[in-house]
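In case you want the letters, here they are:
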Amino acid sequence: MATENKAVITLFGATGDLAKRKLYTALFKLYQKGYLQDHFALLGTSRHEYSDEEFQEVVRQSIKDVEETRTGEAQDFSKHFFYKSHDVTKPEHYTILKKRIEELDKQFGTEGNRLFYMSMAPQFFGTIAMNLKKQGLLSDDGFNRLVIEKPFGRDFDSAKKLNDELSETFNENQIFRIDHYLGKEMVQNIQALRFGNTIIESLWNNRYIDNIQVTLSEKLGVEERAGYYDHSGALRDMVQNHIMQIVAQLAMEQPVSFTDTDVRVEKIKALRSLRVYTPSEAAANFVRGQYDAGDGTEAYRSADGVDPESGTETFVAAKLMFDNYRWSGVPFYVRTGKKLADKFTRIDVVFKKPLIDIFADPRNESDQSLNSNVLTIFVEPKSGFAMQLNAKRAGQGFTTQPVDLKYLQSDTDKKESPEPYERLFHDALEGNHTNFASWAEIAYAWKFVDVIRKLWDIEKPQFPNYTPGSMGPAASDELLARDGRKWVYRLNH
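Computed from a prediction, not measured in an experiment: that's the story for all the values here.

K.L.:
Can you walk me through the UniProt feature "binding site: NADP(+)" (unreviewed entry) in the protein in this structure?
P.N.:
The UniProt feature table records "binding site: NADP(+)" (unreviewed entry) at Gly13, Ala14, Thr15, Gly16, Asp17, Leu18, Ala19, Lys20, Arg47, Asp87, Val88 and Lys150. The topology assignment puts leucine 18 in helix H1 (residues 17-32). Judged by its relative accessible area of 17%, leucine 18 is buried. The residue valine 88 is located in the loop between strand S3 (81-85) and helix H4 (91-108) in this model. What makes valine 88 buried here is its relative accessible area of 7%.

Structural data, given as structure tokens:
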């Protein structure tokens, strides 16, 4: 049975694209499942002028494609939504918000529980947090929690400044930093797969694993995000947060217990052991790219809002190394990019080959050697696992071939699985930090990425260097080829 959560949610940026596309739908699904019932309210704020009724209509339009389980459910849900136009830079406006929040707390019986969600430009995060405290919007009775969207800074220094500002009002255990990849079903399955299966965890080390590959591939270009993206790039937009969080879960040790505190401890220890490169090492182990025109689309530099001479990368591939007992000598290869062959996220764990291939025929130079065993975790769009093994090919003689043992989530299971924002909203209301990034994790990630960013900022790239529909520039393949390896996922393979 679902346990009802009670809270007044104050949403800064309530008329933004994220709220309309993701947040209201996530809250509606929690309402349908009983995690939100009678004792919650949402106070939306932005610069736009709306009445409560107009805002409720915005919410209903945002959730109109969600299947209703009972008549009038969307209408009942929207009655929990209220609105007040607000300038986050004006302290006097917070006095009005305080009054509305207190009224909603009494009206809906939320027991003083307050969740503040910042879905707007990061430069306002500190200002909002400061005024929440100074103007007395925090509750003395229930919980006070702050949920913030990425990006969390542009480098370590700006991230630390932002964290210091938030820490003036909120403790670390009150801050929930969203990384929606941590809400994905199969990313969460990494820990179940590892720590729930002796056969996997016993092999999860440098004695048996040759390398690990993480691919976050996007088929679309920058689209309407061009203005933002040209000041960010793939390194900041994808590597520093999503990829580093996935890699931390792959590299971490088993926690003492499956609690948010213990999981975070092990993720932090893993990131502490990540080798921070010198500039020369960064140049050797990182590849960047930018897509050209092709496949019926314009080049990145031709997009509206992009500098025609832009050096912003739309693709990154890298080799990461962990200097600890478990992973010494095992490379973690990662890549992400826009305008690639398809949209998918996958993790490929490549195991070492047998020391002696007893099936190889030394008289036949063309004879194929045994394939590496590969464990693949499919994150999206399909969800599941596959294990590539070697088996005898049917027929006379004795030759081997790779075969797959595969599990893919059924359509029914997918339907039952919460969307990332639904899961993360629920966790924030419950006070569960397991699927949120801690400040220490973000700090180590920025310290690692800053070396690469500073190097790239002083070196002019040879862009564009890959065509849409490919898997990135040739240098991405060469990165692995230097080590005698290949990407598991390759086009025409």
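K.L.:
I tried to follow the sheet that holds strand S1 (residues 7-12) on my own but got confused; where do I start?
P.N.:
Two orientations exist for strands paired in a sheet by backbone hydrogen bonds: parallel and antiparallel. Sheet architecture is open: six strands sit in the order S3-S2-S1-S4-S5-S6, paired in parallel fashion. Every other strand in the sheet has two partners, leaving S3 and strand S6 (175-177) as the edge strands with one partner each. Strand-to-strand twist in this sheet, taken as the mean axis angle between neighbours without regard to direction, amounts to 20°. Where strand S4 (residues 114-118) and strand S5 (residues 144-148) come together, five bridges link them in parallel fashion. Its bridge partner lying in S5, phenylalanine 116 is registered against leucine 146. Packed onto the sheet, H1 meets S1, strand S2 (40-46), S3 and S4 and runs at close to 170° relative to S1. Against the sheet, H4 contacts S1, S2, S3 and S4, and its axis sits at roughly 160° relative to S2.

K.L.:
In this structure, what is going on with the packing of aromatic side chains? I would like to understand it.
P.N.:
Between two aromatic rings, the relevant description is the distance of the centres plus the angle of the planes. Going through the model one piece at a time under the given rule, you end up with 30 aromatic pairs. Centroid distance tyrosine 24 to phenylalanine 55: 6.0 Å. Interplanar angle 80°. Geometry classified as edge-to-face. Pair noted here: tyrosine 24 is in helix H1 and phenylalanine 55 is in helix H2 (residues 52-62), with a separation of 31 residues, a long-range link. Taking 6.4 Å as the distance between ring centres and 80° as the angle between the ring planes, the aromatic pair formed by tyrosine 277 and phenylalanine 286 counts as edge-to-face. Residue classification places tyrosine 277 among the buried positions, given a relative accessible area of 4%. Through successive ring pairs, a cluster of aromatic residues spans Tyr24, Phe28, Tyr31, Phe40, Tyr50, Phe55, Phe77, Phe81 and Tyr83. Residue placement shows arginine 145 over the ring face of phenylalanine 143; its charged tip is 3.7 Å from the ring centre. A cation over an aromatic ring shows up here: lysine 184 above the ring of tyrosine 181, its NZ or CZ 4.9 Å from the ring centre.

Procedures and definitions
- Residues numbered from 1 in each chain as written.
- Predicted model: local features only at pLDDT ≥ 70, side-chain atom pairs only at ≥ 80, totals over all residues.
- Heavy atoms only, no water.
- UniProt positions renumbered as here; feature names shortened; annotations may be inferred.
- Helix = DSSP H or I, 4+ residues; strand = E, 2+ residues; numbered from the N terminus.
- Buried < 20%, exposed > 50% of the residue type's maximum accessible area, 1.4 Å probe, protein only.
- Pairing = 2+ DSSP bridges.
- Axes fitted to C-alpha atoms, helices over the stretch in contact; angles between N-to-C directions.
- Contact = heavy atoms within 4.5 Å.
- Phe/Tyr/Trp six-rings, centres within 6.5 Å; stacked < 30°, edge-to-face > 60°.
- Lys NZ or Arg CZ within 6 Å of the ring centre and 35° of its normal.

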